[in-house]
Amino acid sequence: MGRKSGRTLPEQVGLYLFLGITSLIMVAPFLWVFLTSFKRSTEIVTETPQLLPLVWTLENYLKLPKVAPFVRFFLNSILVSGVSTLFIAFGSAACGYVFAKYRFRGRNFLFFLVISTILIPLQTYIVPLYLLTWKLGWINTYQGLIFPLIIMSSGIFFLRQNIMSIPDELIDAARVDGASEWRVFHSVILPLSLSPIAAISIVNWVYTWSLFIWPLIVANSTEKFTMELGLMYFQREYAVDYGGIMAACVITLLPVLVVFLMFRTRIIEGVAFTGMKH
Amino acid sequence: MRTVERLTRSQLGFLWSIMMPVIALFIIIRVLPVLVVLLMSFTNYNMNRPLVRFLPYQNFTRLFGDPNFVTAFVNSTEFVLVAVPVEIVLGLAFAIYLNRKVRFESLFETLYFLPYIVPMVPAAIIWKWIYAPGTYGLANYLLDLMGLPRVGWMSTPQISLLAVIGIHVWKQLGFFVIIFLVGLKNIPASYREAALVDGATRWQVTRRVEIPLLKPVILFGVVMATIWAWSAFTEVYIMSQGTDISTGAEIQVMVTRIYAEGFLYFNMGYASAISFVLFVVSLLFVGLQFRLFRERSA
């Protein structure tokens, strides 16, 4: 805007002090954990903790694969989040296209059905969901871990809103050229919706990576543990190994942090719309 | 929007192949479980017991005599009553200050938002360590440095619950900052300038122009905050685990009760009754908020 802020100097100082201190409080726990994960154990459990490690060491990280199968946990998390995100990206786009551009009887009812449970958290209906998984024989399987995560009300809603703004003329032109609907979807709708699809996919990736209560009840052997579960068990078993726990925390946080810093604006846009819930 | 009058065969084929599985999935893994949990709350269903009886009211009368449930209900209520106002007020404050043409705005935005995006398990473990007893915990160490008495973060029940609520607020705050900031940016600058020209102070502009126009976003924020506070689980679960924590039973909330009854004792019917209550109270709160906001703006 180029307009001067019109603040006096004390106002200016007060404003930046407020923003600086509050944002520092928000990230201080991460900084502390990050620095601590590079300290030797004698520097961690001490009466006089220092901010920076006296000696930087990787021992906390290097011992992790020896005490628990963290590589496996990590790959499991990638599998669960990855499969879920593929389903959500494709399903939201296709379903959003149908709701945005097709007129058929029952459309409003079906749309209502899709978004009716948007505000109901998983925790409230987790008992029947677990029983369903149990009846299917999917307790402690990857299918069981993934299947409640392959649909997303807010994803369909978000893509519908975006696809509605694609001009009908573009779609009709493709149809006149004799393209099938799959072809229209593939060559008109998808290329024009990449940005919202990316936003939804990233938000879903972060959501599924962080989900805890569902893996907690469905995965009951370590080879099916996700990173969150593995971290929780490690923390319970090795309660005094602060260095190891902090290193494991950093590894769990890192994929989300990297994704966040890479796609900051998309994530913020997606989260502001979806609230990051299914 | 112009729409197709009659669907061609190709379109019908596409429609069916997309909608059938998606709608079926929504019914099977969203709608039905919600209905089933309501029905199950009137039974004594237990995974280890084949006989199922219909209990018209017993589960619900039992809830009121169950000290664990009463504790959880009171704690969850406190959770909502503390977390929601703090999140909304702090979220508004941060957003309003960030919106005042500050330099490095996106940096501050990112820092505020960071806790919201990271998983709760490592975040709660980090906080648990900050709250650790003695001077091993950062919180007490800082109190020592400032010459203040140490606090039994995880050994005094009242404080433990507030400490957990603190984690929850710290974690969710970024979401509210973001939605309020988006809302503020959607208010045309001319509104603010008109008020400033008329001699209004900054604070008056905030109170008389920005907050009233932000009302729909605030309502949305309050609804989300309420639902999330009622359904808090991970932070409480992580906090109440481990040998050094003596307050596990005192800080339990509604969802940790559902988890314990349903998945530790397999009393699925009774766990469903707790879900039913959780469902009803969160709906009540949400309805109440809609009413309050409508009356205020009328």
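Residues numbered from 1 in each chain as written. Chains lettered and ligands numbered in written order. Predicted model: local features only at pLDDT ≥ 70, side-chain atom pairs only at ≥ 80, totals over all residues.

Asks: Explain the overall build of chain A to me, please; I cannot follow it from the model alone.
Replies: A tally of regular secondary structure across chain A gives 16 helices and 0 strands. Its C-alpha radius of gyration of 24 Å places chain A more than 25% over the 19 Å reference for a compact globule of 278 residues. If one aligns the C-alpha atoms of chain A with their principal axes, the spans along those axes are about 75 × 65 × 35 Å. Expressed as a percentage of the 278 residues in chain A, the buried residues total 46%. Across chain A, contacts joining residues at least 24 apart in sequence account for 78% of those joining residues at least 6 apart. (Helix = DSSP H or I, 4+ residues; strand = E, 2+ residues; numbered from the N terminus. Rg over C-alpha atoms; globule rule 2.2 N^0.38 Å. Buried ≥ 20, exposed ≤ 12 C-beta atoms within 10 Å, placed from the backbone. Contact = placed C-beta atoms within 7 Å.)

Asks: Please explain the overall build of chain B as it appears in this structure.
Replies: Within chain B one finds 13 helices and 0 strands. Reading the helices (α) and strands (β) of chain B from amino to carboxyl end gives α-α-α-α-α-α-α-α-α-α-α-α-α. The C-alpha atoms of chain B give 24 Å as radius of gyration, which overshoots the globular expectation for 298 residues (19 Å, by more than 25%). Considered along the principal axes of its C-alpha atoms, chain B spans approximately 75 × 75 × 40 Å. Buried residues in chain B amount to 44% of all 298 residues.

Asks: Hey, could you run me through the interface of chain B and chain A in this one?
Replies: The interface is formed by 75 residues belonging to chain B together with 75 residues belonging to chain A. No other element matches the 19 residues that helix H1 (residues 9–40) of chain B contributes to the side of chain B that touches chain A. Residues that form the side of chain B that touches chain A fall into these classes: 57 nonpolar, 14 polar and 4 charged. (Nonpolar A, V, L, I, M, F, W, Y, C, P; charged D, E, K, R; others polar.)

Asks: Looking at this model, I keep getting lost on the nonpolar core. Mind explaining?
Replies: What tends to happen in soluble globular proteins is that the nonpolar side chains get buried as a cluster. Counting 169 residues, the largest nonpolar core has A:Cys249, B:Val177 and B:Phe180 as its most contacted members. By residue number, the principal contributor to this core is helix H7 (residues 157–185) of chain B, which donates 15 residues. Excluding anything up to four places from it in sequence, B:Phe180 contacts B:Gly91, B:Leu92, B:Ala95, B:Leu214, B:Val217 and B:Gly221. (Core = buried A, V, L, I, M, F, W, Y, C linked by C-beta atoms within 7 Å.)

Asks: Please clarify how the confidence of the model for chain B should be interpreted in this entry.
Replies: Caution applies to low-pLDDT regions: their predicted coordinates should not be interpreted in detail. All names here are of chain B. In the predicted model, chain B carries a mean pLDDT of 88, and 95% of its residues have values of at least 70. For chain B, the element scoring lowest by mean pLDDT is helix H6 (residues 138–145), at 85; helix H3 (residues 67–98) scores highest, at 95. Reported for the predicted complex are a pTM of 0.90 and an ipTM of 0.89. (pLDDT = per-residue confidence, 0-100.)

Asks: Please clarify how the packing of helix H1 (residues 9–36) of chain A against helix H15 (residues 242–262) of chain A should be interpreted in this entry.
Replies: Helix-helix packing is described using two parameters, namely the angle between the two axes and the distance between the axes. Residues and elements named next belong to chain A. In contact at an axis separation of 8 Å, H1 and H15 are set at 120 degrees when each is read in the N-to-C sense. Classified by the interaxial angle, the pair formed by H1 and H15 is oblique. Crossing hand, H1 versus H15: left-handed. Of the residues in H15, those in contact with Val33, Phe34 and Thr36 of H1 are Met246, Cys249 and Val250. Class assignment of the residues belonging to the contact of H1 with H15 gives a composition of 5 nonpolar, 1 polar and no charged. (Axes fitted to C-alpha atoms, helices over the stretch in contact; angles between N-to-C directions. Parallel < 35°, antiparallel > 145°, perpendicular 65-115°, else oblique. Left-handed = near helix turned anticlockwise from the far one by under 90°.)

Asks: Looking at this model, I keep getting lost on the environment of B:Gln252. Mind explaining?
Replies: All names here are of chain B. One can find Gln252 in the loop between helix H11 (234–239) and helix H12 (254–264). A residue is classified by how many C-beta atoms lie within 10 Å of it, and Gln252, with 23 of them, is buried. Expressed as a C-alpha distance, the spacing of Gln252 and Phe69, which sit 183 residues apart in the sequence, is 8.7 Å. Look past the residues within four positions of Gln252 in its chain and what remains in contact with it is Asn68, Thr71, Ala72, Asn75, Val236, Ser240 and Arg257.

Asks: Explanation requested: the environment of B:Gly183 in the structure shown.
Replies: Residue and element names in this part refer to chain B. Tracing the backbone through its elements, the reader meets Gly183 in helix H7. In this structure, the C-alpha to C-alpha distance between Gly183 and Val217, residues 34 residues apart in sequence, is 6.6 Å. Sequence-distant contacts of Gly183, defined by excluding residues within four places in its chain, comprise Leu214 and Val217.

Asks: Any chance you could explain helix H7 (residues 126–135) of chain A here in plain terms?
Replies: Owing to its 3.6 residues per turn, the α-helix brings residues three or four apart onto one side. Those residues of H7(A) that fall on the buried side of the exposure criterion are A:Ile126, A:Val127, A:Pro128, A:Leu129, A:Tyr130 and A:Thr133. Directly after H7(A), the chain includes A:Gly137, whose backbone phi takes a positive value near 75 degrees.

Asks: Looking at this structure, how should I read unusual backbone geometry?
Replies: Among all residues save glycine, negative phi is the norm, and among peptide bonds the norm is trans. Notably, A:Asn140 is not glycine yet its phi reads approximately 60 degrees, a positive angle. Mapped onto the elements of the fold, A:Asn140 is located in the loop between H7 and helix H8 (142–146). With 14 C-beta atoms counted inside 10 Å, the residue A:Asn140 sits in the partly exposed group. Of note, B:Phe266 is a non-glycine position whose phi angle comes to about 60 degrees, a positive value. In this structure, B:Phe266 sits in the loop between H12 and helix H13 (268–297).

Asks: I would appreciate a short explanation of helix H4 (residues 105–117) of chain B in the present structure.
Replies: Residue and element names in this part refer to chain B. In this model, H4 (13 residues) spans 18 Å end to end at C-alpha, consistent with the 18 Å of a helix rising 1.5 Å per residue. Leu111 marks the point of greatest bend in H4, at about 25 degrees, and the proline Pro115 comes within the next four residues. What H4 keeps buried is the set Phe108, Glu109, Leu111, Tyr112, Phe113, Leu114, Pro115, Tyr116 and Ile117. (Expected span 1.5 Å × (residues − 1). Bend = angle between axes of the 7 residues up to and from the residue.)

Asks: In this structure, what is going on with the environment of B:Arg100? I would like to understand it.
Replies: One can find B:Arg100 in the loop between H3 and H4. Residues B:Arg100 and B:Arg202, spaced 102 residues apart in sequence, show a C-alpha to C-alpha distance of 9.8 Å.

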